[in-house]
Amino acid sequence: MANQTSIPVVVNGACGKMGREVIKAVSQAADMRLVGAIDKNPTAQGEDIGEVIGCGPLEIPVMADLEATLVMAQSEGQSVMVDFTHPDTVYETTRAAIAYGVRPVVGTTGLSVEQIRELAEFADKASTGCLIIPNFSIGVVLMQQAAQQAAQYFNHVEIIELHHNQKADAPSGTAVQTAQMLAQVQSQYNPAEVKESEQLPGARGGTTAEGIHIHSVRLPGLIAHQEIIFGDPGQIYTLRHDTSDRASFMPGVLLSIRRVMPLKSLIYGLDKIL
Ligand SMILES: NC(=O)C1=CN([C@@H]2O[C@H](COP(=O)(O)OP(=O)(O)OC[C@H]3O[C@@H](n4cnc5c(N)ncnc54)[C@H](OP(=O)(O)O)[C@@H]3O)[C@@H](O)[C@H]2O)C=CC1
Ligand SMILES: O=C(O)C1=N[C@H](C(=O)O)C[C@H](O)C1
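What comes next is a walk through the structure. (Residues numbered from 1 in each chain as written. Chains lettered and ligands numbered in written order. Predicted model: local features only at pLDDT ≥ 70, side-chain atom pairs only at ≥ 80, totals over all residues. Heavy atoms only, no water.)

With respect to the environment of alanine 175
Move 1: Its location among the elements puts alanine 175 in helix H7 (residues 173–183).
Move 2: Between the C-alpha atom of alanine 175 and that of lysine 17, which follows or precedes it by 158 residues, the distance is 20 Å.
Move 3: In contact with alanine 175, not counting residues within four places along its chain, are Ile159, Glu161, Ile214 and Gln226. (Helix = DSSP H or I, 4+ residues; strand = E, 2+ residues; numbered from the N terminus. Contact = heavy atoms within 4.5 Å.)

Brief notes about the packing of helix H6 (residues 138–150) against H7
Move 1: Close contact between H6 and H7 brings their axes to 9 Å; oriented N to C, the two are set at 30°. Overall, the two elements H6 and H7 adopt an arrangement that is roughly parallel. Here H6 runs over H7; the crossing is right-handed. In this structure, H6 uses Val140, Gln144, Ala147 and Gln148 to contact H7, whose residues at the interface are Thr174, Gln177, Thr178, Met181 and Leu182.
Move 2: Counted by class, the contact of H6 with H7 contains 4 nonpolar, 5 polar and no charged residues. (Axes fitted to C-alpha atoms, helices over the stretch in contact; angles between N-to-C directions. Parallel < 35°, antiparallel > 145°, perpendicular 65-115°, else oblique. Left-handed = near helix turned anticlockwise from the far one by under 90°. Nonpolar A, V, L, I, M, F, W, Y, C, P; charged D, E, K, R; others polar.)

A short note on the site of ligand 2
Move 1: The full set of residues close to ligand 2 is Thr109, Pro134, Asn135, His163, His164, Lys167, Ser172, Gly173, Thr174 and Ala224.
Move 2: Here an oxygen atom of ligand 2 sits 2.9 Å away from a polar atom, N or O, in the side chain of histidine 164.
Move 3: In this structure, glycine 173 approaches ligand 2 through a main-chain N or O atom, which is 2.8 Å from an oxygen atom.
Move 4: Against a free-state accessible area of 320 Å², the protein chains account for coverage of 85% of ligand 2. (Near = heavy atom within 4 Å. Polar contact = N/O pair within 3.5 Å; in protein donor to acceptor, adjacent residues only side chain to side chain. Areas by Shrake-Rupley, 256 points an atom, 1.4 Å probe, with all protein chains shown as cover.)

With respect to the site of ligand 1
Move 1: Taken together, the neighbourhood of ligand 1 is formed by 20 residues, with Met18, Asp39, Thr109, Ile133 and Lys167 sitting nearest.
Move 2: One of the side-chain N or O atoms of threonine 109 is found 2.7 Å from an oxygen atom in ligand 1.
Move 3: Protein coverage of the free-state accessible area of ligand 1, which is 910 Å², stands at 78%.
Move 4: Tallied by class, the residues present in the shell around ligand 1 amount to 7 nonpolar, 9 polar and 4 charged.

Structural notes on the side chain of arginine 246
Move 1: Structurally, arginine 246 can be placed in the loop between strand S11 (235–243) and helix H8 (250–260).
Move 2: The charged side chain of arginine 246 is buried without a salt bridge, its nearest counter-charge being glutamate 21 at 7.0 Å.
Move 3: In contact with arginine 246, not counting residues within four places along its chain, are Lys17, Met18, Glu21, His164 and Ile223. (Buried < 20%, exposed > 50% of the residue type's maximum accessible area, 1.4 Å probe, protein only. Lys, Arg positive; Asp, Glu negative; His and termini not counted. Salt bridge = Lys/Arg side-chain N within 4 Å of Asp/Glu carboxyl O.)

Section: the environment of glutamine 226
Move 1: Residue position: glutamine 226 is located in strand S10 (residues 224–232).
Move 2: Through-space distance from the C-alpha of glutamine 226 to that of histidine 163 is 8.6 Å; in sequence the pair is 63 residues apart.
Move 3: Apart from the residues lying within four places of it in its own chain, the contact partners of glutamine 226 are Met143, Ile159, Ile160, Glu161, Ser172, Thr174, Ala175, Thr178, Leu239, Arg240 and His241.
Move 4: Here threonine 178 takes part through its side chain, which lies 3.0 Å from a polar atom of the side chain of glutamine 226.

Put into structure tokens, the structure is as follows:
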């Protein structure tokens, strides 16, 4: 018998690499209950999501209809939608969840600063909690905090992010957030020593307004990895994080589901809710 005081959770992108981990984690969490599984995968429509992902029956069918699932989630009480879909759709799905009063926990990356600002305004108006979390691993938060500390002393830094080659967006959400956190410490990095030219366009990576270079590597065999390299005459300081299993994101996802419940506005970043 389901615990009716538990948090009702809908997973959007349920059949994907992250979605299936979330389905498993939520269905094993004593204080949550899975009430919906959304995915556009045509072969999975109507099938039991537990059977689709190979963890046994969960009696929740995969649905493509976002709005119908949000209405159903709303009828279950104060509920949450976890989104791991695609950069092209996440803005609309997050907006729809807020409109239905279903709190979004957004892991999908690729939202622009402007889109996040608009979603924050919308969540404020609706008095609905929303979390946008570019990376759910505690190790990444620690690496970013160490980088902010290092940035007090180094003003030369480059970021290399390395991901599997099914990733749609570049640079990664983690790299974008890391650069934003470095920008809080210094307004300008990497002062030019020479006039640079690129014989191969893009060879120096993408450059933020604060002069931070970000390089994106995409290869099969990788999951999610990032290096932040600080340089100064005579020394290099490198911070590196490696994800070897997507299960590592799940403690952060479950924490976010719990933390979003009492919120009335949007928060960006796992570091703000730890
Ligand atoms: N914040 C974090 O810690 C992490 C964030 N991510 C981010 O999460 C996102 C998803 O990653 P990942 O799970 O690897 O991607 P996958 O492609 O493996 O999974 C996405 C799933 O969502 C489905 N989907 C896409 N668009 C829609 C839509 N409009 N409605 C319903 N379902 C949809 C896809 O279906 P189909 O295959 O048919 O397109 C697929 O099943 C990416 O942006 C990634 O960067 C990933 C890991 C950690
Ligand atoms: O696409 C991924 O896999 C990941 N995406 C997120 C990002 O863009 O930073 C988080 C993590 O790096 C895995």
